Structure formats: structure tokens, C-alpha cells
Amino acid sequence: MNELKNESLCALAMSEGRNWMPFTANRLVNGRGDHRVVALAKGPYYTMADGRTVFDSLSGLWCTPLGHGHPRIVEALRQQAETLDFAPGFQMTHAPAVTLAARIARMAPDGLEHVFFANSGSEAVDTALKIAIGFHKLRGDGGRFRLIGRERGYHGVGFGGMSVGGIVSNRKMFATVMMPGVDHLRHPYDHAHVAFSKGQPEWGACLADDLERLVALHDASTIAAVIVEPVQGSTGVLVPPIGYLQKLREICTKHGILLIFDEVITGFGRMGENFASQRFGVTPDMITFAKAVTNGIVPMGGVIVTSEIYKTFMSGPESAIEFAHGYTYSGHPLAAAVAHTVLDIMEEEDTNARVRALEPVLEEEVHSLRGLSSVKDLRNIGFTAAIELSPLPEKSALRSVQLFEYGLQEGVLLRVTGDTISFGPPFISTPDQIREMIQKVRNVLLRCEEDF
Ligand code: PMP
């Protein structure tokens, strides 16, 4: 077995496509050899198998805000593995999961009091959607089955998350098996009005009125929940206009519709607060989380719900299972122990304050790219930013491959989706590292401008 870890066998297995990679143009990547294989990670850097060091401009996939190989997190994992590596989470539990739930509830906005654990963002979203439908049913309002997502929303790849999601390339192969009764709001970002905005755009709260349009179309009595990312992350940092989320909240409350914030990216400090809902001053009925809670070292996800939702489930017949849902690894002891250490570090180092201090640095640096001929828009909020490039007829896909390649050559790992490059650097980044990252990105863009 050991020889299968051998590097030349790694190259062979890669060229043969043995590892069918997720969200990847496999045929393109498989032929590219070592510079697409990561060997090591430390702090905010990866070292590729060919020896190149690259800056981790997206904290993995938005999930390693404290950097890689943090000794305290590694130690927490080791200790927990020695003490209690696994226990069933059905009809019993363990201290790491229970105390973590209490801790996350304490960090959440007031009123969100109970946590249901899952193992990923996709599972968290599907769990939240099922809770929404179950909640209405238990209250004798079972006609509320419709779910409303948003264009350009990303809520993972389960059937629920995919259906409420708004990314056409993820949906089109499965059009015939989407969940029924799902509709979408328009996305809240209109270039014509808000390009090059810093932080929240001033224009666009009126786009939340789209929800009234859907209520008028379907009737409120058929709608269970609305799910949105407070800041749409995966499709390129689409920032909510001032007042937009407040308006969504008002319309949901008025019509008895549950509001779910998918905070898989924004949760645990990315917006300079524990949750984006606190930054924007809007409290949803449920928050989904994943990624940063364990700093990416082991998977974990979950849903935080209001006491009203929890009590509704708990007021059914005694001794029955109130919610026939859960995962073998819900609240896994290793994930829970690691999450405690991650949250300890975040508290001790006040990473929320650190993010608030880094926000203007990233803002200034990203907006310094204005004027480059390929740049169509720049936007930022919290410790996230995006560069949107002018689309190239027929050639955008080729350019995105080239952007990634040039990034590796310049020393920055780039997350390119379509015409957009997204940034969510680790919270441990220094201002100098952010400046250096954007300098590298400038070089990448200039090289691409020559080519295309
Ligand atoms: N929701 C949001 C907002 C996300 O950004 C993601 C992942 N990028 C998911 C859900 C899905 O998470 P996972 O990949 O862990 O299933």
C-alpha cells in the first residue's frame, strides 16, 4: 500500500484520472503534473509538489482562516483522537458536541439558541430546508412547502441546495430532478448602478421587493422559507445593498416565511463579526455554518435555529424522534474538539477585530487595480473581495485556466470562477502579505491582458 503514496505513482494515477476531482476540468488538469499537486501547507502558504510556494488567497476554499498547520489545532485533534475518537450521536452524545452547541448558540445573534450538527455546508443547507418544511407542518401549516433561493446563490450540491441554488452550470444537467416548488429571487447586484462600490452599495434595497412579487404569484400560505447568503460568496462576492437584508426580513416576517441565512462562508469572523447577520443587523430564523468552524482541518457543518423552531419540534408526542434526520458523523468528536480550539484562538486573538483592521487594507489594494483594461468591476466587504473581468466572447473559459496558471507562476493561488477572481485571505495575513498578493495579481492580469 505504501508504494501507492510514491510520487511517481501519484503522477501516473493522476494522468489516468483515478481521482475524479470535484468541480474540476479533470481532463485538463490531469495532464498538468506536479504543479497541480499540493505537497505541504503552513500558515498562509501552500508548497506545490514541484517546490513552488503560493499564497493561499482564499483560505483554502474559505475554510482555513487561522492558516495551515496551527500547532494548537493539530494538538487538539491528536488529544481528542486518543480520548474519544468516535461515538454514535443517536440517542447519546458527548461533551465536546454538547458544549460546542452551547458555545455556538452564545456566539450567534440573540434568539438563535439551538444547533443541529452536520458535516458540510451542503448537509447543513439540506438540514435547514427540511427543518423549515417540518416546522410549518408541525404547526398545522403544511401547505407551506415552497422554498425560495436566489439567482447566483450557492448552497452546496445536495438536491435541496442545488435546487435553491442559482448557478446554471450546476443545475442544467439535473433540470428534470430538481425539487419541485422552488423559485428564485433576482440576485441583488446590479452593475449598472453599483460597480466599483466599496463595502455595501447604496443602491439596490428595492431588489428585495422581488419577494413580494413571488408572494403575489404563489400566495404566502404556500411558502416555507427563503434562503440567501448574506454576501454571495462562491459567485464572486456579491455584496447586499444597504437595507436589502432588512427588507427581506420585514417581508418574511409579514408573511410568516422563515428566513435562512447561509453563512457557510461568512460565519465565524469573515465579516469582522461572529456572523454576517450581526454585521448587517438582521436576524434570520436559521443560520447554516461550516468551513471556518474547524479551520478546515476536519469537516463540520450545522444549523443554528431559534428557540421557537426548536420548541415547535419538541412539542410533539413525547418519546418520539422529533426530527427523523441526522448523519453518522453529526457532531463528530474530532470536529467538535477542533472547533473548540479554533474558537478559543479566535477569541484570544480577537480575530473579529483583526478582520475589521484588515478590511480597509484589502479594500484599498483591490481597488488600486481599477483602470486595468480587463477589469470590469471591483468589490469588497469584510475580509473578502472580488475582481470581475470583462467577459471575453468564446474565450472566458480559456482565460480562467490561464489566470490560474499565471497565478501559480507568480506565487498566488487564485480562485477563478468564470470571469471573477474571489479573495478571502487567512485572518493571520499581514498587511504586507495582502499588498504582495495584489501585486502578484496585477502581474497575472497584465500577462493575461497581453494574451487575450
Ligand atoms: N453554502 C455556501 C454559502 C457555500 O459557500 C458552500 C461551499 N462553498 C456550501 C453551502 C456548500 O458547502 P460544502 O462544500 O461544505 O458542502
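What counts as what
Residues numbered from 1 in each chain as written. Predicted model: local features only at pLDDT ≥ 70, side-chain atom pairs only at ≥ 80, totals over all residues. Helix = DSSP H or I, 4+ residues; strand = E, 2+ residues; numbered from the N terminus. Rg over C-alpha atoms; globule rule 2.2 N^0.38 Å. Buried ≥ 20, exposed ≤ 12 C-beta atoms within 10 Å, placed from the backbone. Domains from an automatic or database assignment. Contact = placed C-beta atoms within 7 Å. Nonpolar A, V, L, I, M, F, W, Y, C, P; charged D, E, K, R; others polar. Axes fitted to C-alpha atoms, helices over the stretch in contact; angles between N-to-C directions. Parallel < 35°, antiparallel > 145°, perpendicular 65-115°, else oblique. Left-handed = near helix turned anticlockwise from the far one by under 90°. Pairing = 2+ DSSP bridges. Near = placed C-beta within 6 Å. Right-handed = clockwise from strand over helix to strand, strands pointing away. Core = buried A, V, L, I, M, F, W, Y, C linked by C-beta atoms within 7 Å. Expected span 1.5 Å × (residues − 1).

1. Things to note about the overall build of the chain
Thought 1: What the chain contains, in helices and strands, is 17 helices and 15 strands.
Thought 2: The globule rule puts the C-alpha radius of gyration for 452 residues at 22 Å, and the 22 Å found for the chain is close to it.
Thought 3: Each of the three principal axes of the chain carries a C-alpha extent, and together these read 65 × 55 × 45 Å.
Thought 4: Across the 452 residues in the chain, those meeting the buried criterion constitute 47%.

2. Topic: the domain arrangement of the chain
Thought 1: Each assigned domain of the chain is listed with its residue range as follows: domain 1 (32-62 + 350-451) and domain 2 (74-348).
Thought 2: Averaged C-alpha coordinates put domain 1 and domain 2 at centres separated by 27 Å.
Thought 3: In this complex, domain 1 contributes 26 residues to the contact, which on the side of domain 2 involves 24 residues.
Thought 4: Elements represented by at least two residues in the side of domain 1 that touches domain 2 include exactly helix 3 (59-62), helix 15 (351-367), strand 11 (375-381), strand 12 (384-389) and strand 15 (420-423).
Thought 5: Classifying every residue of the side of domain 1 that touches domain 2 by side-chain character gives eight nonpolar, eleven polar and seven charged.

3. Digging into the packing of helix 4 (residues 71-83) against helix 14 (residues 333-348)
Thought 1: It is the contact of helix 4 with helix 14, at a shortest axis distance of 9 Å, that shows an interaxial angle of 150°. Taken together, the axes of helix 4 and helix 14 are roughly antiparallel relative to one another. When you trace helix 4 past helix 14, the crossing you get is right-handed. Where helix 4 abuts helix 14, its residues Arg-72, Ile-73, Ala-76, Leu-77, Gln-80 and Ala-81 lie against Pro-333, Leu-334, Ala-337, Val-338, Thr-341, Val-342 and Ile-345.

4. A word on the environment of Arg-52
Thought 1: Looking at the element boundaries, Arg-52 is found in the loop between strand 2 (45-48) and strand 3 (53-56).
Thought 2: A count of 15 C-beta atoms within 10 Å places Arg-52 in the partly exposed class.

5. With respect to the sheet that holds strand 13 (residues 412-413)
Thought 1: The sheet built from four strands is open, its strands ordered 1-2-3-13 with mixed pairing. Sheet topology places strand 1 (38-42) and strand 13 at the edges, where each strand pairs with a single neighbour.
Thought 2: Alignment of strand 2 against strand 3, held across three bridges, turns out to be antiparallel. Bridge pairing in strand 3 places Tyr-45 opposite Phe-55.

6. Remarks on the site of the ligand
Thought 1: Within the structure, the ligand sits among 14 residues, and Ser-120, Gly-121, Ser-122, Gly-156 and Val-264 are positioned closest to it.
Thought 2: It is helix 6 (residues 121-138) that contributes the most residues to the shell around the ligand, three residues altogether.
Thought 3: Taken together, the residues of the shell around the ligand break down into five nonpolar, seven polar and two charged.

7. Overview of the pairing of strand 7 (residues 223-228)
Thought 1: Of all six residues that make up strand 7, six are buried, and the element is covered over most of its length.
Thought 2: Across four bridges, the pairing between strand 7 and strand 8 (residues 258-262) is parallel. For Val-228, the partnering residue across the bridge sits in strand 8 and is Phe-261.
Thought 3: The handedness of the strand 7 to strand 8 crossover, carried by helix 11 (residues 244-255), is right-handed.

8. Here's the deal with the sheet that holds strand 14 (residues 415-417)
Strand pairing within a sheet occurs via backbone hydrogen bonds; the two strands may be parallel or antiparallel.
Thought 1: With antiparallel pairing, four strands are arranged side by side in an open sheet as 11-12-15-14. At either end of the open sheet lies a strand with only one pairing partner, and these are strand 11 and strand 14. Direction aside, neighbouring strands of the sheet carry axes that sit 20° apart on average.

9. Quick notes on the nonpolar core
Thought 1: Ala-225, Val-226, Leu-248, Leu-258, Ile-260, Met-286 and Ile-304 are the most contacted members of the largest nonpolar core, which totals 109 residues.
Thought 2: When residues in this core are grouped by element, the largest group, nine residues, is from helix 14.

10. Side note on helix 6
Thought 1: In a regular helix each residue adds 1.5 Å, so 18 residues correspond to 26 Å; helix 6 covers 25 Å between its end C-alpha atoms and thus fits that length.
Thought 2: Positive backbone phi, at 75°, marks Gly-140, one or two positions downstream of helix 6.

11. Side note on the environment of Phe-55
Thought 1: Note that Phe-55 resides in strand 3.
Thought 2: Taking the number of C-beta atoms within 10 Å as the measure of exposure, Phe-55 has 24 and is therefore buried.
Thought 3: Sequence separation between Phe-55 and Pro-426 is 371 residues, and the spatial gap between their C-alpha atoms is 9.8 Å.
Thought 4: Setting aside residues up to four positions removed in sequence, Phe-55 forms contacts with Pro-44, Tyr-45, Gly-411, Val-412, Leu-413, Gln-433 and Met-437.

12. Brief notes about the environment of Gly-165
Thought 1: Along the polypeptide, Gly-165 turns up in the loop between helix 7 (159-164) and helix 8 (168-171).
Thought 2: Given 28 C-beta atoms within 10 Å, Gly-165 falls into the buried group.
Thought 3: C-alpha separation for the pair Gly-165 and His-184, spaced 19 residues apart in sequence, amounts to 8.3 Å.
Thought 4: Those residues within four positions of Gly-165 in sequence are excluded, and the remaining contacts are Gly-149, Gly-153, Tyr-154, His-155, Asn-170 and Arg-171.

13. A look at helix 14
Thought 1: Between the first and last C-alpha of helix 14 there are 23 Å, a value that for 16 residues agrees with the 22 Å anticipated at 1.5 Å per step.
Thought 2: Restricting attention to buried positions, one finds in helix 14 the residues Pro-333, Leu-334, Ala-335, Ala-336, Ala-337, Val-338, Ala-339, Thr-341, Val-342, Leu-343 and Met-346.
Thought 3: On the buried face of helix 14, the contacting elements are helix 4, helix 5 (95-107) and helix 15.
Thought 4: Immediately beyond the C-terminal end of helix 14, within one or two residues, lies Asp-350, with a positive phi of roughly 40°.

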